[in-house]
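# An overview of the molecular structure
Now for the letters of each chain:
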4 protein chains.
Amino acid sequence: MSSTARQTLAQVFEGTGDYRKAGHILDTALIALIMLNVIAIVLESVPSINKVYYPQFLLLEVISVAIFSLEYLARLWASVDKSKYAAIKGSNAKRRLHYFLSPLALIDLIAILPSLLMFVFPLDLRFLRVLRLLRVFKLTRYSRAMQLLLQAFKDEASSLLAAFFIMSVLLILASCGIYLLEHDIQPDKFGSIPAAMWWAMATLTTVGYGDVVPLTPLGKLFGGVVTLVSMGMVAIPTGLLASSFSEQIRKRRQFFEDAVHEQIHQGSLDDSQRLHLEELRYKLGLSKLEANKAIKTQLNQRNSHLFCRHCGKRQ
Amino acid sequence: MSSTARQTLAQVFEGTGDYRKAGHILDTALIALIMLNVIAIVLESVPSINKVYYPQFLLLEVISVAIFSLEYLARLWASVDKSKYAAIKGSNAKRRLHYFLSPLALIDLIAILPSLLMFVFPLDLRFLRVLRLLRVFKLTRYSRAMQLLLQAFKDEASSLLAAFFIMSVLLILASCGIYLLEHDIQPDKFGSIPAAMWWAMATLTTVGYGDVVPLTPLGKLFGGVVTLVSMGMVAIPTGLLASSFSEQIRKRRQFFEDAVHEQIHQGSLDDSQRLHLEELRYKLGLSKLEANKAIKTQLNQRNSHLFCRHCGKRQ
Amino acid sequence: MSSTARQTLAQVFEGTGDYRKAGHILDTALIALIMLNVIAIVLESVPSINKVYYPQFLLLEVISVAIFSLEYLARLWASVDKSKYAAIKGSNAKRRLHYFLSPLALIDLIAILPSLLMFVFPLDLRFLRVLRLLRVFKLTRYSRAMQLLLQAFKDEASSLLAAFFIMSVLLILASCGIYLLEHDIQPDKFGSIPAAMWWAMATLTTVGYGDVVPLTPLGKLFGGVVTLVSMGMVAIPTGLLASSFSEQIRKRRQFFEDAVHEQIHQGSLDDSQRLHLEELRYKLGLSKLEANKAIKTQLNQRNSHLFCRHCGKRQ
Amino acid sequence: MSSTARQTLAQVFEGTGDYRKAGHILDTALIALIMLNVIAIVLESVPSINKVYYPQFLLLEVISVAIFSLEYLARLWASVDKSKYAAIKGSNAKRRLHYFLSPLALIDLIAILPSLLMFVFPLDLRFLRVLRLLRVFKLTRYSRAMQLLLQAFKDEASSLLAAFFIMSVLLILASCGIYLLEHDIQPDKFGSIPAAMWWAMATLTTVGYGDVVPLTPLGKLFGGVVTLVSMGMVAIPTGLLASSFSEQIRKRRQFFEDAVHEQIHQGSLDDSQRLHLEELRYKLGLSKLEANKAIKTQLNQRNSHLFCRHCGKRQ
């Protein structure tokens, strides 16, 4: 039946049930194909390589787009049986629309769209050819550690936005200042505020190319102040992320301790509970030593509650 | 009555009472106008654009200054009815003076003063024209996240000042050292200690333009040591801010937990209390998960207090 | 009597007793003189300024050295009555030797020695003239925040040393690698490993002057890897200091809480205790809000121990 | 007997038992020799020095390789008596293979192999000569602080890998973008994506050589965005390490407190226990103040347990 095939496919894509291994193999194959594509696009841009291997690059592109298109359609088709979307009430079409609009599905679409457009329209737009590189974003699907990293950015989103705003204000002020002080001496490099922004950006981020530098004493004095400000500028996102990462570690440890606390009802842990906690420990990225300590501490506490602290009798 | 109009205006500016929405619309409109002004000033500096659109830029400037002046006068007039200044004893003039000297009011004044001066005096001072850019500071009025960010700088003010002092000392020592070692070989670039400071600043902040570099072996050796020192230099403000941000997160969480603790008297929370805590949670930037956990923990603790710890009987 | 004058002087230098204000005025005057000296040395290096104001600079130098010498001798003479050295058993000479060898006294000596040498010997050693700049180190005597900052460096000394060692190893490996790959193409810039170190240092510290860059494809590949490594290199000292600063904040708060705990014996604080805690709070750089909370928490805890938790009777 | 000599050697290498001092002297001598070798290799690369001192460098090399080879063979031979390998069941050959494959032994082998190859084959491969520099890795054997530092890297390995992956993706996207925008104007510098990577790498790591910069307005706009992204890029590893270092400090303190808790059974500590804790304190790098506080706190807690919490009687 079609329904069963679709369910199987959904399980393979999700890597659950009996198809955990099949899902893993599929993932690995797709990651390898994406990597291969990225390398091909990079090498293709080298004129000498492109001249010799053009047919091979084209072949790889056609095959890749075919596979990615197939994958995209298959995911779209099977999405209605995914645990996440199966819960949505309504027709299959509605569920597919939900999936269609999910970030991961949109990334998959963007990864094949430029190439499909090129095959449909006879234009050879080099611009679109490089857009195939967006395929690398498909890899985000597979990295758990990266998702944790992105979480830190998300947690600090409002603070980072504020930092970005401060940066913008400073950027504009620095550009204006250097424009006022230098545009008479160097009209080709500081001829307008937008032109002066190139210097201001390179300086405030401490990149410091040095292709454009102030020459007047006042310009250098102002430039020196901007370099000092840049240290504070760089410090803000770093400080925000450092504290956010610290928070994440604390929260994960706390989460684990809470889980241990819940599992220990009777002052002991059975094997299935230990397995569950071990899985959780792995998922949260805690060390074994730390996890064992948390469990031991909780067991001791629990046990000490059962007995009176001074007479030793069971309460 | 004049009094009621003034009170209304004060409420609009504060965004309180019935005028929350009106205040929000006014804020958004003013933010948009400030942004438009900044973009105009930046574009105006491009000669080719300025040639064509000069009348439009002038018109925008006249309108903007008119609006900002009006806003400034209105705020000054209505300030006596603001909750903050209404509490000050004395005449309205005294309250207005208080408002007049507040940082936000001064920023508003600085934002219009250059243009007003230009209109009054026929001089076309380009320097003053760019000063209109200070208008961006008006935006600080609207960003809560930025105020939190600035708080971190304030908390570490004395440490950052000390870091700045260390930086200054190192800057002077580095300038002197490179001056001694290089000013015979490169009299045009390291001809005096102030000239050598340009190199020292670019190096100690790791900007590293590369327009001025030591050439002698000893100069390069000294320069290499300075680059190493620069790593420590950059690390200080970053480290200070990182620990300050961590502190802020900790304090906010603590503050929320204390609030929860206070709200829970009877081992339960009613709806208005939950609403209050939700508002506080939002204001402190805590995640819902974390807030719920804090509430749950406190409820459990409270409930466990209802039973005696040693006899197990209800207290 | 000579003894009383010496004691008075010691109190002025220490800023204790009745001479707190006199000590403060003396400190401020000396700081101003040091600042003036540093500015003079910097300006003196500008040929055009030095030509015109040479007599003035010389006069300032003579006066400054006279004052600093006098200060040095006075401090040395009065050191035997300083609370710190008065405790040392033995003759006054022994105490003076102790003071003579203390870091602050050595800095004071170094600050005047070059100038004294120049006055004694007729040689006009420019090198020694710049050494007078070491006078800025005298300022460390006056900054408490800087001493706290230096404490963080001290706390992490062994880790920072290890980081420095890793840096050295990477520096040597990077220099060797680029030397191997580039010294045939650019024998003037990468002609030996010490020469290649200039590039390696500028790259590993992310200064990146750009006066020396690899040109061969392999050299650029290797250079790219080194730039990546540099990110990790810069991250180590920053991370160490960030965690060290966090620790310091935590320890200071803990220290305050312990002090509060000790002061509260009877479940209450009298005025002298509150004053003592307020002074401690200021010294540790804690906010009033936080300090009040710590006191309140401890008071509550203390009081809750006096009464039974369930029956409310006094225990 | 051969066996006893081997055991003695193993103890010297391990620095245990009666041979602690002998082990320490051997370590210091070997560190000095490694340092001397590194300096020699660096200086040897300077043509003018190499011309004059070639015989001396060769002599040092021969002696060093002889000593390091001897050391390697001795370590291999004595490894069977090392406490770590003595525990492995099986023949001595099996234990030696275990040692042979350990990282430290492999480093020792790599440090001598290039020179041995050069002596065996008459080819004078400069590449191999520089490989002798890998000898510096032998120093890792001696630094405890560095091993703690590397631990922090290990703890955050998965996050740092994810950061590296994000970096790679951004690197490819930045290279492609700048290639598209600039390769028509600067075909020599942005002629292919791999060539454009040189700019992207220097920019994303904030090194910013400035030998290659975008020239078109769009290229500069894109470049400006990349410089902004670079700030986030640099912030990730720094933030990760900062939080990892904080964690390490916390864990070490926790570990010490647990040890104190275990040692205090009877509400007091005897001298051998205090010595044990002092050793642990040193090993964990905690300050004496902190350690004393931890011990005092635990003693107080323990003592407070001796009295009943509700009746106040001695338990």
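Before reading on, note that the structure itself is shown above.
Thresholds applied
- Residues numbered from 1 in each chain as written.
- Chains lettered and ligands numbered in written order.
- Predicted model: local features only at pLDDT ≥ 70, side-chain atom pairs only at ≥ 80, totals over all residues.
- Heavy atoms only, no water.
- Helix = DSSP H or I, 4+ residues; strand = E, 2+ residues; numbered from the N terminus.
- Contact = heavy atoms within 4.5 Å.
- Areas by Shrake-Rupley, 256 points an atom, 1.4 Å probe, with all protein chains shown as cover.
- Axes fitted to C-alpha atoms, helices over the stretch in contact; angles between N-to-C directions.
- Parallel < 35°, antiparallel > 145°, perpendicular 65-115°, else oblique.
- Buried area = accessible area lost by both parts, 1.4 Å probe.
- Salt bridge = Lys/Arg side-chain N within 4 Å of Asp/Glu carboxyl O.
- Polar contact = N/O pair within 3.5 Å; in protein donor to acceptor, adjacent residues only side chain to side chain.
- Nonpolar A, V, L, I, M, F, W, Y, C, P; charged D, E, K, R; others polar.
- Least-squares fit on C-alpha atoms with pLDDT ≥ 70 in both.
- Phe/Tyr/Trp six-rings, centres within 6.5 Å; stacked < 30°, edge-to-face > 60°.
- Buried < 20%, exposed > 50% of the residue type's maximum accessible area, 1.4 Å probe, protein only.
- Left-handed = near helix turned anticlockwise from the far one by under 90°.
- 1 Å grid on protein atoms, 1.4 Å probe; cavity = no way out; pocket = protein on both sides within 12 Å on 5 of 7 lines; lining within 4 Å.
- Points joined across faces, edges and corners; volume = space filled by probe spheres on them.
- Expected span 1.5 Å × (residues − 1).
- Patch = residues over 30% accessible without salt bridge, like charges linked within 9 Å, V, L, I, M, F, W, Y side chains within 5 Å.

This part covers the overall build of chain A. Assigned secondary structure in chain A consists of 13 helices and 0 strands. Each helix (α) and strand (β) of chain A, taken in turn from the N terminus, gives the series α-α-α-α-α-α-α-α-α-α-α-α-α. Partitioning the contacts of chain A with sequence separation of at least 6, the portion at a separation of at least 24 is 64%. Here chain A displays about 16200 Å² of accessible surface, and carbon together with sulfur accounts for 66% of that area.

It is worth spelling out the environment of Leu 218 of chain D at this point. If you trace the backbone, Leu 218 of chain D turns up in helix 11 (residues 217–263). Distance from Leu 218 of chain D to Ile 178 of chain D, taken between C-alpha atoms, is 9.2 Å for residues 40 residues apart in sequence.

Residues and elements named next belong to chain C. The contact between helix 10 (residues 193–204) and helix 11 (residues 217–263) brings their axes to 8 Å, and the two run at 50°. The pairing of helix 10 with helix 11 is recorded here as oblique in orientation. Taken together, the residues of helix 11 that come into contact with helix 10 (itself represented by Trp 199, Thr 203 and Leu 204) are Gly 223, Val 226, Thr 227, Val 229, Ser 230, Met 233 and Val 234.

Contact with chain A, which involves 44 residues of that partner, is made by 53 residues of chain D. With both sides pooled, the region where chain A packs onto chain D buries about 4000 Å², and carbon together with sulfur makes up 75% of that total. Put simply, chain A and chain D have 1 salt bridge between them. One salt bridge in this structure joins Arg 253 of chain A and Glu 247 of chain D, with 2.9 Å as the shortest N-O distance. Joining chain A to chain D, the criterion identifies 4 residue pairs in polar contact (both at pLDDT 80 or more). Those elements that provide at least two residues to the side of chain A that touches chain D are helix 2 (20–44), helix 7 (126–131), helix 8 (144–155), helix 9 (157–182), helix 10 (193–204), helix 11 (217–263) and helix 13 (288–306) of chain A. Top element by residues in the side of chain A that touches chain D is helix 11 of chain A. It accounts for 10 residues. Per-class residue counts for the side of chain A that touches chain D are 31 nonpolar, 7 polar and 6 charged.

Here we come to the relation of the copies chain A and chain D. Between chain A and chain D, which share one sequence, the superposing operator has a rotation angle of 91° and an axial displacement of 0.0 Å; the RMSD is 0.1 Å. Taken together, the rotation and translation relating the two chain copies correspond to the operation of a four-fold axis. By residue overlap, the copies meet through two different surfaces: only 18% of the interface positions of chain A are interface positions in chain D.

Once that is clear, we can look at the packing of aromatic side chains. Applying the stated rule across the entire model yields 8 aromatic pairs over all chains. Taking 5.4 Å as the distance between ring centres and 15° as the angle between the ring planes, the aromatic pair formed by Trp 198 of chain A and Tyr 209 of chain A counts as stacked. Here the residue Trp 198 of chain A occupies a position in helix 10, and Tyr 209 of chain A occupies one in the loop between helix 10 and helix 11, the gap between them amounting to 11 residues. Taken as a pair, Trp 198 of chain A and Tyr 209 of chain A share a single burial class, namely buried. Judged by centre distance (6.4 Å) and plane angle (70°), the rings of Phe 190 of chain C and Trp 199 of chain C are edge-to-face.

All names here are of chain B. Taken N-terminus to C-terminus, the directions of helix 9 (residues 157–182) and helix 10 (residues 193–204) make an angle of 120°; their axes are 8 Å apart at the nearest point. Overall, the two elements helix 9 and helix 10 adopt an arrangement that is oblique. Of the two possible hands of crossing, helix 9 and helix 10 adopt the one that is right-handed. Contacts from Met 167, Leu 170, Leu 171, Ile 172, Ala 174, Ser 175, Cys 176, Ile 178 and Tyr 179 of helix 9 reach helix 10 at Ile 193, Ala 196, Met 197, Trp 199, Ala 200, Met 201 and Leu 204. For the contact of helix 9 with helix 10, the per-class residue count stands at 15 nonpolar, 1 polar and no charged.

Below, the discussion takes up empty space enclosed by the protein. Over the atoms, a rolled probe matching the size of one water molecule traces out where space is still vacant. A complete count under the given rule lists 2 cavities of 30 Å³ or more for this structure. Of the pockets and cavities examined, the largest cavity occupies roughly 160 Å³. Forming the walls of the largest cavity are 18 residues, and the residues nearest its centre are Val 234 of chain A, Val 234 of chain B, Val 234 of chain C together with Thr 206 and Val 234 of chain D. Elements with a contribution of two residues or more to the lining of the largest cavity: helix 11 of chain A, helix 11 (217–263) of chain B, helix 11 of chain C together with helix 11 of chain D.

Another point: helix 10 of chain C. With 12 residues, helix 10 of chain C extends 15 Å between its outermost C-alpha atoms, agreeing within 8% with the 16 Å of an ideal straight helix rising 1.5 Å per residue. Here helix 10 of chain C lies mainly inside the structure; 9 of its 12 residues are buried. Those residues of helix 10 of chain C that fall on the buried side of the exposure criterion are Ile 193, Ala 196, Trp 198, Trp 199, Ala 200, Met 201, Ala 202, Thr 203 and Leu 204 of chain C. In the core, the buried residues of helix 10 of chain C are packed alongside helix 11 of chain B, helix 9 (157–182) and helix 11 of chain C together with helix 2 (20–44) of chain D.

Located in the positive-phi region is Thr 206 of chain C, a residue other than glycine, with phi close to 60°. In this structure, Thr 206 of chain C sits in the loop between helix 10 and helix 11.

Attention now goes to a nonpolar patch on the surface. All names here are of chain A. Residues Tyr 54, Leu 58, Val 62, Leu 113, Leu 116, Leu 117, Phe 119, Val 120 and Phe 121 make up a contiguous nonpolar surface patch of about 790 Å² in total accessible area. Mapped onto the nonpolar patch, the elements with two or more residues apiece are helix 3 (47–78) and helix 6 (103–120). Counting residues per element, the nonpolar patch draws most heavily on helix 6, at 5 residues. With respect to the helices and strands, the residue Phe 121 is situated in the loop between helix 6 and helix 7.

Evaluated as defined, the whole model comprises 23 salt bridges over all chains. Glu 278 of chain D serves as the salt-bridge partner of Arg 281 of chain D, at 2.9 Å between the closest nitrogen and oxygen. Linking Arg 281 of chain D with Glu 278 of chain D, this pair stays in helix 12 (residues 271–284), spanning 3 residues, or about one helical turn. Here the salt bridges do not stand alone but share partners, grouping Glu 71, Arg 75 and Asp 108 of chain A into one network.

Turning our eyes to something else, we now look at the environment of Asn 292 of chain C. Note on placement: Asn 292 of chain C falls in helix 13 (residues 288–306). Put simply, Asn 292 of chain C and Leu 277 of chain C are 15 residues apart on the chain and 10.0 Å apart in space, counted from C-alpha to C-alpha.

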